[in-house]
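Tertiary structure, described
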Amino acid sequence: MTDELQQITPPQDNQPEPQVLNSAPLQPQKSNRNIWIIVGIAITVVCLCSVACLAIFGTSMFKVFQEKEPVETVLDAYMRHMANKDTESAYALFSPRAQRQIPIFELENLLEGNNYILFEGYQSTSVSNLNISASENTNPDLPQGTVANVTGILMFEGNIQGSFEAILEKVDGKWMIDGMYITVPPDKIK
């Protein structure tokens, strides 16, 4: 029987038993999942805002591109009528709001004496800057609704270049002039 016990009992290796340190229980490792969710949401929000800004900017640029030619056409027609001394046709290009404030004789005065130099020899209009905005004002004499602030270049005979600033407003889907201010260089004055 002793032989049997020796066979059943595993041999002992005289190795020391592992010692267990008596310390606080190990904390489970915190998950970074919450941080990744917050970072993912932040990136998504930034991307959505960027897409929205690009869409608004793109729509605005398309609208400006689309309206540039009609605005330029109205301003060119005004300059041609004034160069031809046709104040009635030029006056018809002004908005009803502007016509209430500017009588036709003021346009006629622009064609007399040295004032005509602003229109004499006119050839073309080129819009350099066009800013379209929605405007609402308590003053009924100021442009309302869709308003365009325009600056650009005027070309005259003799390769003379002038400039202009204009304000137009859309009336019944058509651009009409509220005011136009023309500057010519001293070379044009004879």
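Everything that follows concerns the structure shown earlier in this document.
Definitions and limits used
Residues numbered from 1 in each chain as written. Predicted model: local features only at pLDDT ≥ 70, side-chain atom pairs only at ≥ 80, totals over all residues. Heavy atoms only, no water. Helix = DSSP H or I, 4+ residues; strand = E, 2+ residues; numbered from the N terminus. Buried < 20%, exposed > 50% of the residue type's maximum accessible area, 1.4 Å probe, protein only. Areas by Shrake-Rupley, 256 points an atom, 1.4 Å probe, with all protein chains shown as cover. Pairing = 2+ DSSP bridges. Axes fitted to C-alpha atoms, helices over the stretch in contact; angles between N-to-C directions. Salt bridge = Lys/Arg side-chain N within 4 Å of Asp/Glu carboxyl O. Phe/Tyr/Trp six-rings, centres within 6.5 Å; stacked < 30°, edge-to-face > 60°. Lys NZ or Arg CZ within 6 Å of the ring centre and 35° of its normal.

Scanning the protein from N- to C-terminus turns up five helices and four strands. Its helices and strands taken in sequence order, the protein reads α-α-α-α-α-β-β-β-β from the N to the C terminus. Buried residues in the protein amount to 27% of all 190 residues. Counting only carbon and sulfur atoms, one obtains 56% of the accessible surface of the protein, whose full area is about 14000 Å².

In this section: the sheet that holds strand β2 (residues 145-156). Pairing in this open sheet of four strands is antiparallel, and the strands run β1-β2-β3-β4 from one edge to the other. Of all the strands in the sheet, just β1 (122-135) and β4 (174-183) have a single pairing partner and so form its edges. Averaged over all adjacent pairs, the angle separating strand axes in this sheet is 25°, with direction ignored.

Right, let's get into the pattern of salt bridges. Inspection of the entire model under this criterion finds three salt bridges. Note that D76 and R80 form a salt bridge whose closest N and O atoms lie 3.0 Å from each other. Here the residue D76 and the residue R80 both occupy positions in helix α2 (residues 33-83), the gap between them amounting to four residues, near one helical turn. With a closest N to O distance of 3.2 Å, R97 and E169 form a salt bridge. A residue pair is termed long-range when its members are at least 10 positions apart, and R97 in helix α4 (residues 96-101) and E169 in strand β3 (residues 160-171) qualify at 72 residues.

Moving on, we come to the packing of aromatic side chains. Inspection of the entire model under this criterion finds four aromatic pairs. Ring geometry for Y78 against F94: centres 5.6 Å apart, planes inclined by 80°, an arrangement best described as edge-to-face. Of the two residues, Y78 sits in helix α2 while F94 sits in the loop between α3 (87-92) and α4, which places them 16 residues apart along the sequence. Across this residue pair, the class does not change: Y78 and F94 are buried. Three or more aromatic residues joined by ring pairs make a cluster, and in this case those are Y78, Y91, F94 and F119. Directly above the ring of Y116 sits K85, whose terminal nitrogen or CZ lies 4.5 Å from the centroid.

Note that all results are geometric; they support no functional claim without further evidence.
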